[in-house]
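Summary of the model geometry
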Amino acid sequence: MIYREIGKTGVKVSQLGFGCMRLPVINGVANQINEPEAIKMIRHAIDNGVNYVDTAYPYHGTGFDRGGESEPLVGRALRDGYRQRVQLATKLPSWLITCRADFDKYLNDQLQRLETDHIDFYLVHAINKGFWSNLLQHDLFGFLDAALADGRIRHAGFSFHDDLQLFKTVVDAYKWSFCQIQYNYIDENYQAGRAGLTYAAERGLGIVIMEPLRGGALAGKLPEAISKSFADSGFNRTPVEWALRWLFDDSRISVVLSGMSAMEHVVENLRVASAAAPASLTDKEKMVMTEAQAIFKARIKVPCTSCGYCMPCPSGVDIPKNFSMYNSLNLLDESFQNTVRFMYNAQVADTARASKCIKCGRCETHCPQQIKIMNELEKVKATFD
């Protein structure tokens, strides 16, 4: 495993981090984690050098207004001495803060759920304009100062989902140790993007990357043109390896989080992370990635990462599933489109289809990607129904 210092903290972390938002589940139910398999995966990663484990209050839950099952599962996975071997990261549920006391209430609850007396890297979750304004009104910085002083958290940071201007404002507003941004070879200029990464790194912040495979879109069946480009390059690599190596090549990045949901994902990611040194891509490899970027960007229709922030939908629409199918239809070659249409009809219940959207707008207030969900669902409806 290759290790990198995270900002100016003096802490060295594995360049591959274990993201606990997409753990294996039973029968597709988000809050029914396959505990034996999930713990086996997390411990296998740690035994092979991963020392950064990331979770959050709502992960693997039934809604973002209550705690999910990821934090308790991680707490159990880190028993038997594993807690002492990792840097543990979790996130304050920003959207639930209504007063100063709420900060302490949620942090203290998270400490219990994770079975620990401190969080190594504590993030203010999913900052956007609305959340940021509300957090400042309730003395966010006073809370962070107190939590750092009493040792409940060791380092303060934030995860971000908004535009570059706000990102710079947030970076400059507090003595952050690190930040977490969405970044991959498709999203190079999305939200904070490369410009934000540069801005934060120049100010000494550690950089944590989320969505390196864009919710799995960069790991599965790629358009024929991209597959051909990868194959013709002369390098025997999977799509996952190309995507991860593109990130690992940037020495400013501290850790890349991967939401692994099967042991084979863990094994492959460990293999790549053990060999991909910073600044190691050749000019030829960079040209291959530039070509792949251009092909992919022309085909993506909805920038949804299936994070689930928009769920549950009051009218029952499975928004991430609808967008996933819609993107698949447009990403894949025409020879696969009839298969996708069949899958849509077979896998998306009548009650969960885009046609059931009543345009209440609730989903759009929660979407970290700021997608115009109602408009996009109309396109999904027109495509499949």
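Attention here is on the structure that accompanies the text.

Judged by nonpolar contacts, the single largest core of 97 residues is most densely connected at F18, F158, W176 and Y185. The element that contributes the greatest number of residues to this core is helix α9 (residues 239–248), accounting for seven residues. Among all residues touching F158, those that are not within four sequence positions of it are L123, V124, I127, F167, V170, V171, W176, F178, C179, Q180 and L205. C310, C357, I371 and I373 belong to the second largest nonpolar core, which has 24 residues in total.

Another aspect to go through is the packing of aromatic side chains. Throughout the structure, instances matching the rule amount to 19 aromatic pairs. Where Y183 meets W246, the ring centres are 5.4 Å apart and the plane angle is 40°; that geometry is what we call tilted. Note that Y183 is positioned in the loop between β8 (178–182) and α7 (193–202) and W246 in helix α9, a separation of 63 residues in sequence. Classification of Y183 by relative accessible area gives buried; the value is 1%. Ring geometry for F230 versus W242: centroids 5.0 Å apart, planes at 15°, classification stacked.

Throughout the structure, instances matching the rule amount to 31 salt bridges. Linking K129 and D163 is a salt bridge whose minimum nitrogen-to-oxygen distance equals 2.7 Å. In this pair, K129 is assigned in helix α4 (residues 129–137) and D163 in the loop between β7 (153–160) and α6 (164–173), connecting sequence segments 34 residues apart. The salt bridge partner of D187 is R214, with a shortest N-O separation of 3.2 Å. Within this pair, whereas D187 is found in the loop between β8 and α7, its partner R214 is found in the loop between β9 (206–210) and α8 (224–232), the two being separated by 27 residues in sequence. Judged by its relative accessible area of 4%, R214 falls in the buried class. Beyond isolated ion pairs, a larger network of salt bridges with shared partners links R237, E241, R245, E268, R271 and E285.

Turning our attention to unusual backbone geometry. Of the consecutive residues M311 and P312, the connecting peptide bond is found in the cis state with omega at 0°. The residue P312 is located in the loop between α11 (283–297) and α12 (319–331) in this model. Non-glycine residue D80 carries a positive phi angle of around 60°. Mapping D80 onto the fold places it in the loop between α2 (70–77) and β5 (87–92). Here D139, not a glycine, exhibits a phi torsion of approximately 70°, which is positive. Tracing the sequence through the fold places D139 in the loop between α4 and α5 (140–149). Note on D139: relative accessible area 39%, which makes it partly exposed.

Criteria and cut-off values
- Residues numbered from 1 in each chain as written.
- Predicted model: local features only at pLDDT ≥ 70, side-chain atom pairs only at ≥ 80, totals over all residues.
- Heavy atoms only, no water.
- Core = buried A, V, L, I, M, F, W, Y, C linked by side-chain atoms within 4.5 Å.
- Buried < 20%, exposed > 50% of the residue type's maximum accessible area, 1.4 Å probe, protein only.
- Helix = DSSP H or I, 4+ residues; strand = E, 2+ residues; numbered from the N terminus.
- Contact = heavy atoms within 4.5 Å.
- Phe/Tyr/Trp six-rings, centres within 6.5 Å; stacked < 30°, edge-to-face > 60°.
- Salt bridge = Lys/Arg side-chain N within 4 Å of Asp/Glu carboxyl O.

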